Amino acid sequence: MGRQVVRKRPILIAAGAILVLLILGLAAAYAYYFTGTRTSAKPLALASPSQVASASPSAGAASALAGTWTVGSGSIAGYRVSEQFAGQTSSHEAEARTSTVTGGLFVAGADASAINVEVDLSSLHSVDQVLGFNVSNRDRIVNQTLSVQQFPKAIFKADAITLPAGLASGEQVTASVPGQLTIHGVTRQVTASIKAQQSGSIVQVLGIIDTKMTDFGVTPPHLSITVVQPQVTIEFQLNFSRG
């Protein structure tokens, strides 16, 4: 009887050690997949910052910009949204972008009108990285959530605005641009905060629109391992050339 107890003790110790190693291994795997290195894409920016001008109108300076301008190559649009993995206290900023962007505007005197931008939502792809997580899976979920087959584009139609002074002379200017944003078949009034600058024959526009996906009838994805917040930052970097 005593010998059996002695024999069982090493077996129990070995089993306990294996269990501890298993738990540690699972914890390490979880940390590897969900709390590992996270990287973000390089922030969108104007080509070269310069003096910032006020948003007061100047017809003389802006007249040099008169005519039709078209969104050209190198333009980018996308979104940023906060997501949190199960069991984690810190959130991660998911980012997706596309270069399939079209649009244009018309300038007469100091005013810009017919401002419109269209973004192909089907070509959005994640540009952030989470170690051990396949971000392309997120892209498929976003595609389904936005019903991209039925509503393939996001469209922003801005109200007519007065161009800020200094834009035609190459200064960096700022402005608030109100307009209508259509996503998922729903249109809402929004305001884009922009910076703009003329560089040679190109006018660059950098901007963001802060909104909520729920305002457009979109329910934030809620998976077993991830919770997504409804707040969304839409961002864009547009290169306008004379069309």
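Definitions and limits used
Residues numbered from 1 in each chain as written. Predicted model: local features only at pLDDT ≥ 70, side-chain atom pairs only at ≥ 80, totals over all residues. Heavy atoms only, no water. Salt bridge = Lys/Arg side-chain N within 4 Å of Asp/Glu carboxyl O. Helix = DSSP H or I, 4+ residues; strand = E, 2+ residues; numbered from the N terminus. Buried < 20%, exposed > 50% of the residue type's maximum accessible area, 1.4 Å probe, protein only. Arc of directions from axis to C-beta. Contact = heavy atoms within 4.5 Å. pLDDT = per-residue confidence, 0-100. Core = buried A, V, L, I, M, F, W, Y, C linked by side-chain atoms within 4.5 Å.

As enumerated under the stated definition, the model contains 7 salt bridges in all. A salt bridge links E235 to R80; the nearest nitrogen and oxygen atoms lie 3.0 Å apart. Taken as a pair, E235 in strand β15 (residues 226–242) and R80 in strand β4 (residues 76–85) lie far apart in primary sequence, 155 residues in all. When its relative accessible area of 6% is taken as the criterion, E235 is described as buried. Classification of R80 by relative accessible area gives partly exposed; the value is 21%. Two residues, E118 and K153, come together in a salt bridge whose shortest N-O distance is 3.0 Å. In this pair, E118 sits in strand β7 (residues 111–120) while K153 sits in strand β10 (residues 153–158), placing the two residues 35 residues apart along the sequence. It is possible to trace a salt-bridge network through shared partners that takes in R80, E93, E95, R97 and E235.

Let's shift gears to helix α3 (residues 135–145). Residues of α3 that are buried: V135, R138, D139 and V142. Looking down the long axis of α3, one finds its buried residues gathered within 105° of arc, a one-sided arrangement. If you follow the buried residues of α3, they end up packed against β4, β5 (92–98), β8 (125–126) and β9 (129–130). The positive-phi residue at the C-terminal boundary of α3 is S147, with phi of around 50°.

Glancing now at the confidence of the model for the chain. Looking at the chain, pLDDT values average 82 and 75% of them are 70 or higher. Highest mean pLDDT in the chain belongs to β10 (98); lowest belongs to strand β2 (residues 52–53) (44). Across residues 21–36 the pLDDT falls below 50, and counting only partners more than four positions away or on other chains, this stretch makes 16 contacts in the model. Every residue in residues 49–60 is under pLDDT 50, and counting partners more than four places away or in other chains gives 29 contacts.

If you look at the biggest cluster of nonpolar residues, it comprises 47 residues, and the most contacted ones within it are V205, F236, L238 and F240. Considering every element that reaches this core, the biggest residue donor is β15, with 6 residues. Aside from chain neighbours lying at most four places away, what touches L238 is V71, S75, I76, V101, V117, V203, Q204 and V205.

Relative to the elements of secondary structure, V107 occurs in strand β6 (residues 101–108). For the pair formed by V107 and T68, sequence separation is 39 residues and the distance between their alpha carbons is 6.4 Å.

Right, let's talk about the environment of L121 for a bit. The residue L121 is located in the loop between β7 and β8 in this model. Note on L121: relative accessible area 10%, which makes it buried. Spatially, the C-alpha atom of L121 lies 8.5 Å from that of T100, the residues being 21 residues apart in sequence. Among residues more than four places away in sequence, those in contact with L121 are L146, V148, F151, P152, K153 and A154.

Phi at A114 is positive, roughly 50°, even though this residue is not glycine. With respect to the helices and strands, A114 occurs in strand β7. Under the relative-accessibility criterion, A114 is labelled exposed at 54%. Phi at S147 is positive, roughly 50°, even though this residue is not glycine. With respect to the element layout, S147 can be found in the loop between α3 and β10.

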